[in-house]
Amino acid sequence: MSAMISINNVSKWYGDFQVLTDCTTGVKKGEVVVVCGPSGSGKSTLIKCVNALEPFQKGEIIVDGIAVGDPKTDLPKLRSRVGMVFQHFELFPHLSITENLAIAQVKVLGRSQDEAREKGLKLLDRVGLKAHAHKFPGQLSGGQQQRVAIARALAMDPIAMLFDEPTSALDPEMINEVLDVMTELAQEGMTMMCVTHEMGFARRVAHRVIFMDKGAIVEDCDKDAFFGDINARSERARQFLSKILQH
Amino acid sequence: MALDFSQIIPALPGLADGMLLTLKLLVMAVLGGVVLGTLLALARLSDNVLLSRLAKWYVNYFRSIPLLLVISWFYLVVPMVLSWITGDLTPVGAFTSCLVAFVMFEAAYFSEIVRAGIQSISRGQINAAYALGMSYGQAMRLVILPQAFRKMMPLLLQQSIILFQDTSLVYAVGLMDFLNTARSKGDVVGLPHEFLLFAGAVYFVISFGASQWVKRLQKRFAV
Ligand SMILES: Nc1ncnc2c1ncn2[C@@H]1O[C@H](COP(=O)(O)OP(=O)(O)OP(=O)(O)O)[C@@H](O)[C@H]1O
Ligand SMILES: [Mg+2]
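If you're wondering where the values come from, they're calculated on a predicted model, not measured in any experiment. (Residues numbered from 1 in each chain as written. Chains lettered and ligands numbered in written order. Predicted model: local features only at pLDDT ≥ 70, side-chain atom pairs only at ≥ 80, totals over all residues. Heavy atoms only, no water.)

## Let's talk about the UniProt feature "transmembrane region" (unreviewed entry) in chain B
Residue and element names in this part refer to chain B.
- Under the present numbering, the feature "transmembrane region" (unreviewed entry) in UniProt falls on residues 20-43, 64-86, 92-110 and 195-214.
- Strand forms 0% of residues 64-86 and helix 87%; the C-alpha atoms that close the span are 31 Å apart.
- Overall, residues 195-214 shows 100% helix and 0% strand. The separation of its end C-alpha atoms is 28 Å. (UniProt positions renumbered as here; feature names shortened; annotations may be inferred. Helix = DSSP H or I, 4+ residues; strand = E, 2+ residues; numbered from the N terminus.)

Rendered as structure tokens:
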């Protein structure tokens, strides 16, 4: 498998505060990588560096052969090829679900309204929400909104998907409907980088697990190794896992 | 002293013309002010330090001087600037110079409202727009500004009601708006009190009515 995303020695500072320290990892084509770690460890920052929502000062990130940090890179174009799903959904509240799904297809990819609408409806159907097409985001539950957000990202035909804690703002009973969509996506071979604390999902779906602490990648190993031989894991990862697996 | 309002009726067509000019000035000034104000707000919020500082100076400057001064000043300056630009003497009427004055003055106030509106939209929204491949311009135009304007509509309308009253300051350069027409007609027929009282009542009804309407709108938007 070839590398879809490769992150090499990336460091980032907010003023004097170093958020990322020499992060090196990658995601191969069709691979599902789960990123976990305590709050403030830099997971969101790292994933946002991948599609240049956050700039970084050192190292390089290559997405499908394109250097993200290169000033010559057409960032909007790069971002239009990488889907992203956020913790708080971030659907556009002033637009209907249909318009949410269509707007970037039309304005960014230059598809016709009809084409965009049709594609949007197809994806909406796929996440089980076709009946809600005419509604506005505020009229949907959190789980439904997040499924729409996933469909909106998929409408751009992304080469990879980034997820930043897609279920952590959801009520417990809605988490599974979102994880099910993600699982299906993974099984279809989508390249995915997911920040999540859903270890059940990681066990079932991930190929690799990355554990971050204080801005550094502490563990980066196969799913089976990560969950299998707990004693081979670092002290911090063990503490984190025992805390998180207790719930 | 007995008040005699009967002379107002024959003056109504003239007063209506005055009101028309007032409203025309108001609408054009609000539109121009909102457009310029939005550009100022975007400049103020931009990462470009120079641009942001220029916008800040502009806003602080126009908020620190009286509107009457701006109107009188622009009445002198606008024709001069235009003749520099075009090379020959282009006569511009008092209306144009007043419009420019109002647009530039009100833009300072509108820009603060729009800026607050933009800042009230969460960072996540612009990130989502960017993540879909939108440019800065698209993200602002399609995602951020529509939401900001929706939130700020009551404040923009309130500011416009204040501007409606402030348009009366154009009497300083002799423009025949509603108040100036009422004043001059009242003088002509020797009934200045009646005409001014009438004008006051009209301003009150329009401003108060509009303000109540905005309050209702605000409640509906809040839901
Ligand atoms: N704009 C910013 N300015 C300064 N510091 C920031 C900024 N954004 C994030 N940080 C800091 O960077 C660190 C990493 O933040 P980040 O959001 O990446 O963590 P995280 O692992 O995603 O945490 P969480 O699980 O809470 O989402 C934190 O200590 C945070 O306070
Ligand atoms: Mg985070």
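## Brief notes about the pattern of salt bridges
- Enumeration over the complete set of coordinates arrives at 14 salt bridges over all chains.
- Where A:Arg238 meets A:Glu235, a salt bridge forms, and the shortest distance between an N and an O atom there is 3.4 Å. One end of the pair, A:Arg238, and the other, A:Glu235, are both in helix 9 (residues 235-246), 3 residues apart, so they sit about a helical turn from each other.
- The residue B:Arg115 makes a salt bridge to B:Glu112 at a minimum N-O spacing of 3.2 Å. On the criterion of helical spacing, the pair formed by B:Arg115 and B:Glu112 is a turn pair, its members being 3 residues apart in helix 4 (residues 94-119).
- The class for B:Glu112 is partly exposed, based on a relative accessible area of 22%.
- In the salt-bridge network here, residues are joined through shared partners; they are A:Glu31, A:Arg208 and A:Asp220. (Salt bridge = Lys/Arg side-chain N within 4 Å of Asp/Glu carboxyl O. Buried < 20%, exposed > 50% of the residue type's maximum accessible area, 1.4 Å probe, protein only.)

## A few points about the pairing of strand 3 (residues 32-36) of chain A
Residues and elements named next belong to chain A.
- By the criterion of burial, strand 3 is predominantly enclosed, with 5 of the 5 residues buried.
- Here strand 3 shows a buried face lined by Val32, Val34 and Cys36 and a second buried face lined by Val33 and Val35.
- Sheet topology note: the strand 3/strand 8 (residues 192-195) ladder contains 4 bridges and is parallel. Pairing of valine 32 across the sheet is with methionine 192, part of strand 8. (Pairing = 2+ DSSP bridges.)

## Topic: the packing of aromatic side chains
Residues and elements named next belong to chain B.
- Enumeration over the complete set of coordinates arrives at 9 aromatic pairs over all chains.
- With 5.5 Å between their ring centres and 85° between their planes, tyrosine 61 and phenylalanine 62 make a pair best called edge-to-face.
- Over the face of the ring belonging to phenylalanine 95 we find lysine 24, whose NZ or CZ atom lies 4.9 Å from the ring centre.
- When the ring centre of tyrosine 109 is taken as origin, the NZ or CZ atom of arginine 63, which lies over that ring, is 5.5 Å away. (Phe/Tyr/Trp six-rings, centres within 6.5 Å; stacked < 30°, edge-to-face > 60°. Lys NZ or Arg CZ within 6 Å of the ring centre and 35° of its normal.)

## Considering the sheet that holds strand 4 (residues 58-63) of chain A
Residue and element names in this part refer to chain A.
- Reading across from one edge, 2-1-4-5 is the order of the 4 strands in this open sheet, with antiparallel pairing throughout. The sheet is open, and its two borders are formed by strand 2 (17-28) and strand 5 (66-67), each paired with just one other strand.
- Two elements, strand 1 (residues 3-14) and strand 2, share 8 bridges in a ladder whose sense is antiparallel. Following the sheet pairing, tyrosine 14 is matched in strand 2 by phenylalanine 17.

## Things to note about the sheet that holds strand 3 of chain A
All names here are of chain A.
- With mixed pairing, the 6 strands of this open sheet are ordered in space as 6-7-8-3-9-10. Taken across any chain shown, the strands that pair with only one partner, and hence form the sheet edges, are strand 6 (82-85) and strand 10 (216-222). Adjacent strand axes in the sheet meet at a mean angle of 15°, parallel and antiparallel pairs treated alike.
- Together, strand 3, strand 6, strand 7 (160-164), strand 8, strand 9 (208-213) and strand 10 form the strand contacts of helix 1 (residues 43-50), whose direction differs from that of strand 7 by roughly 155°. (Axes fitted to C-alpha atoms, helices over the stretch in contact; angles between N-to-C directions. Contact = heavy atoms within 4.5 Å.)

## Overview of the nonpolar core
- The biggest cluster of nonpolar side chains holds 102 residues, and the ones touching the most others in it are A:Phe92, A:Met193, B:Phe102 and B:Met134.
- With 14 residues, helix 4 of chain B is the single largest residue contributor to this core.
- If sequence neighbours within four positions are ignored, B:Phe102 has contacts with B:Leu25, B:Ala29, B:Leu67, B:Ile71, B:Ala107, B:Leu163, B:Asp166, B:Thr167 and B:Val170.
- Residues A:Leu123, A:Leu140, A:Met190 and A:Phe227 belong to the second largest nonpolar core, which totals 49 residues. (Core = buried A, V, L, I, M, F, W, Y, C linked by side-chain atoms within 4.5 Å.)

## Observations regarding the site of ligand 1
Residue and element names in this part refer to chain A.
- Taken together, Tyr14, Phe17, Val19, Pro38, Ser39, Gly40, Ser41, Gly42, Lys43, Ser44, Thr45 and Glu165 make up the full set of residues adjacent to ligand 1.
- Within the side chain of lysine 43, one N or O atom sits 2.8 Å away from an oxygen atom of ligand 1.
- Between ligand 1 and the protein, one listed contact pairs an oxygen atom with a side-chain N or O atom of glutamate 165 at 3.1 Å.
- When isolated, ligand 1 has an accessible area of 640 Å², and the protein chains bury 59% of it. (Near = heavy atom within 4 Å. Polar contact = N/O pair within 3.5 Å; in protein donor to acceptor, adjacent residues only side chain to side chain. Areas by Shrake-Rupley, 256 points an atom, 1.4 Å probe, with all protein chains shown as cover.)

## What to know about unusual backbone geometry
Residues and elements named next belong to chain A.
- In the Ramachandran plot, aspartate 157 falls in the positive-phi region, its phi being about 50° despite a non-glycine side chain.
- Here aspartate 157 lies in the loop between helix 5 (142-154) and strand 7.
- Backbone geometry at lysine 214 places phi at a positive 50°, although glycine is not the residue there.
- Residue classification places lysine 214 among the exposed residues on the basis of a relative accessible area of 65%.

## Side note on the interface of chain B and chain A
- With 18 residues of chain B at the interface, the matching set in chain A holds 20 residues.
- Of all residues in chain B, B:Ala131, B:Leu132 and B:Leu142 give up the largest surface area on contact with chain A, accounting jointly for 34% of the area buried on that side.
- In this structure, the connection of chain B to chain A is made through 0 salt bridges.
- One can count 4 residue pairs in polar contact (both at pLDDT 80 or more) joining chain B with chain A.
- Looking at the side of chain B that touches chain A, the elements with two or more residues in it are helix 5 (123-131) and helix 6 (136-166) of chain B. (Buried area = accessible area lost by both parts, 1.4 Å probe.)

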